[in-house]
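Below, each chain spelled out in residue letters.
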Amino acid sequence: MKVVICGAGQVGFGIAERLAAEQNDVSIIDTSPRLIQAITDSLDVRGFVGHGSHPDVLARAGIEAADMLIAVTLHDEVNMVACQVGHALFDVPTKIARVRAQSYLQGHWRDLFSRDHLPIDVVISPEVEVGETVLRRLSLPGAIDTVSFADGEVVVAGVLCEEDCPVLDTPLRQLTDLFPDLQAVVVAVSRKGRMFVPHSADQLTAGDVAYFVAQSDQVTRTLSIFGHDEPPAQRIVICGGGNIGYYVARELEARNPRARVKIIESDLNRSEEIAQGLSKTVVLRGSALDRTILEEATVDAADTVIAVTNDDRVNILSCLLSRELGAKRMLSLLNDPAYPAFARGLGIDAYVNPRQITVSKILQHVRKGRIRGVHSLVNGQGEVIEAEALETSPLVGKPLRQLDLFDGMRIGAVIRGQRVLLPRGDMVIQARDRVVIFALAGKVKRVEQLFRVSLEFF
């Protein structure tokens, strides 16, 4: 696949890194010579200095032969114009744009991105995606990572196995014997920074992060089996009243009337603006690093403190200060990929990485075959993919135990009609089943092949 990416920032770099590693033909455009030099020095991509919305720059990057244009610069308008130019002048088949300003995304302007106006095939809003991730973490505080598939019927969650985890040193195959009615499957384990697909005889050790696939109504019970039975947060303090903080507070007011929410925002105009848009949330003006403000927000009584300012260091320090004042649980926004490695050691219970979330959303539309959803895990070491099995798929028609296909992969659930089925050795996948499958990064291409339509099908 030939892909042109506009924007060589964190998201653009992350997309280019994944696509180049899979031997795609990638060109990337940015106005910063420094960023272009850095990305071409470290990745097998072609770099071009210039404006991504300029036709001549796009032409030099090879847009005429591109299968896809991905516009993820820092400026919404540049992203939108780049897609317009790609459509009008070069007839690019698929155009994806990151749009951050919520004004463009309001429901009554939904026709803006239609083919007759601004022909953008996929609009990605990082603030909404990150906000939804935060809301899922609040509803499942025992998980350090969660994502929904199959229209919310299936959940993939990551759980930290602590010293008191009840299932430590227990072969995974015994979990079925111990909990015969449990609708959950462990599909991956991250141990000391390395992710792998566990075998049935493998055992979990303290410090592991286990990723399981479960039916949505079984997630809470599964977390409790791993020693995490924390109730959903009701008293919440949000540090940062930007787009993400405001979105989370507004949705909590709508979805959870019992929640008591406070926002700390340093900018006077912004604090007044969000206060007018919220009906029950208390907005405090001040710094999230000011102990007096944190005490006024009563973080000592908070179930969860959410730090979502634009500065990773402020997020980390505000979490640490809140912990010292007595807050029960910390959730931090972390953009820098170097920070998560030690954040948990500092007492931060969970983190949200906007780059990883945005890259996952874009990869959903990059992946070939009948791919319905994608979520990247542990900085791209693996992916959870939801895909539809067609008649030509080698998965269809044989019991799973007879398929020699799953080295580095693990099926977590099969959705057949309205039913969620757990994989068993005698299960036979049928055409049109939806399959939720985990794959290590090096096996993602294989997953795509399993769900592509072959020429013989026609």
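See the structure printed just above.
Residues numbered from 1 in each chain as written. Predicted model: local features only at pLDDT ≥ 70, side-chain atom pairs only at ≥ 80, totals over all residues. Heavy atoms only, no water.

1. Details of the packing of helix H5 (residues 126-139) against helix H13 (residues 354-366)
Threshold: To obtain an axis, a line is fitted to C-alpha atoms, over the contacting stretch when the element is a helix, and the angle between two such axes runs from 0 to 180 degrees between their N-to-C directions. Helix numbers and strand numbers start at the N terminus; a helix is a DSSP run of H or I with at least 4 residues, a strand a run of E with at least 2. Angles below 35 degrees are treated as roughly parallel, those above 145 as roughly antiparallel, those between 65 and 115 as roughly perpendicular, and all remaining angles as oblique. Only heavy atoms matter for contacts: two residues are in contact if any of them lie within 4.5 Å across the pair.
One can describe the packing of H5 onto H13 by two numbers: an axis separation of 9 Å at closest approach and a directional angle of 110 degrees. Relative to H13, H5 is oriented roughly perpendicular. Packed against H5, whose contacting residues are Pro126, Glu129, Val130 and Thr133, the element H13 presents Pro354, Ile357, Thr358 and Lys361 at the interface.

2. Describing empty space enclosed by the protein
Stated formally: Definitions used for this entry: grid spacing 1 Å over protein atoms alone; cavity, a set of points where a 1.4 Å probe fits but cannot get out; pocket, an open set with protein on both sides within 12 Å along at least 5 of 7 lines; lining residue, one with an atom within 4 Å of a point. Grid points are joined across faces, edges and corners, and a volume is the space filled by probe spheres set on the points. Three categories are distinguished: nonpolar for Ala, Val, Leu, Ile, Met, Phe, Trp, Tyr, Cys and Pro, charged for Asp, Glu, Lys and Arg, and polar for the others, with Gly belonging to the last. Domains are outlined according to an automatic or database domain assignment.
Going through the model one piece at a time under the given rule, you end up with two cavities of 30 Å³ or more. Reported here for the largest cavity is a volume of approximately 40 Å³. Lining the largest cavity are Arg137, Leu138, Pro141, Thr304, Arg329 and Leu331. A per-class count over the lining of the largest cavity returns three nonpolar, one polar and two charged. For the lining of the largest cavity, the two domains that each supply at least three residues are domain 2 (130-226) and domain 3 (236-345).

3. Focus on the sheet that holds strand E16 (residues 330-333)
Keep this limit in mind: Strand pairing follows a simple DSSP-based rule, namely that at least 2 bridges must link the two strands.
Strand order across the open sheet formed by six strands is E14-E13-E12-E15-E16-E17, with parallel pairing between neighbours. Every interior strand has two partners, whereas the edge strands, strand E14 (282-285) and strand E17 (350-352), have only one. The average undirected angle you get between the axes of adjacent strands in this sheet is 20 degrees. Inspection of the sheet shows strand E13 (residues 260-265) paired to E14 by four bridges, in the parallel sense. Residue pairing across strands places Lys262 opposite Val282, the latter belonging to E14. On the sheet, helix H11 (residues 312-325) packs against strand E12 (235-239), strand E15 (304-307) and E16 and is oriented at approximately 170 degrees with respect to E16.

4. As for the layout of surface pockets
Within this model, the largest pocket holds a volume of roughly 1000 Å³. Forming the boundary of the largest pocket are 47 residues, of which Leu74, Arg100, Glu127, Asn310 and Asn335 lie nearest the centre. Listed by contribution, the elements that provide at least two residues to the lining of the largest pocket are helix H1 (10-21), strand E2 (25-30), helix H4 (76-90), H5, helix H8 (243-255), E13 and H13. Partitioning the lining of the largest pocket into residue classes produces 20 nonpolar, 20 polar and seven charged. Mapping the lining of the largest pocket onto the domain boundaries places at least three of its residues in each of domain 1 (2-124) and domain 3 (236-345). Here the second largest pocket defines a volume of roughly 850 Å³.

5. Considerations on the packing of aromatic side chains
When we look at a pair of aromatic rings, we describe it by the centre distance and by the angle of the planes. For clarity, the cut-off: Any two rings among Phe, Tyr and Trp, with Trp reduced to its six-membered ring, count as a pair given centres within 6.5 Å; such a pair is stacked if its planes are under 30 degrees apart, edge-to-face if over 60, and tilted if neither. Put simply, a charge is over a ring when the Lys NZ or the Arg CZ is close to the ring centre, within 6 Å, and near the line of the ring normal, within 35 degrees.
The tally for this structure, following the rule as stated, stands at one aromatic pair. Between Phe212 and Phe226, the ring centres sit 6.0 Å apart and the planes meet at 5 degrees, which makes this aromatic pair stacked. Of this pair, Phe212 sits in strand E11 (residues 209-215) while Phe226 sits in the loop between helix H7 (219-225) and E12, and the two are 14 residues apart along the sequence. A cation sits over an aromatic face here: Arg270 above Tyr246, 5.7 Å from the ring centre.

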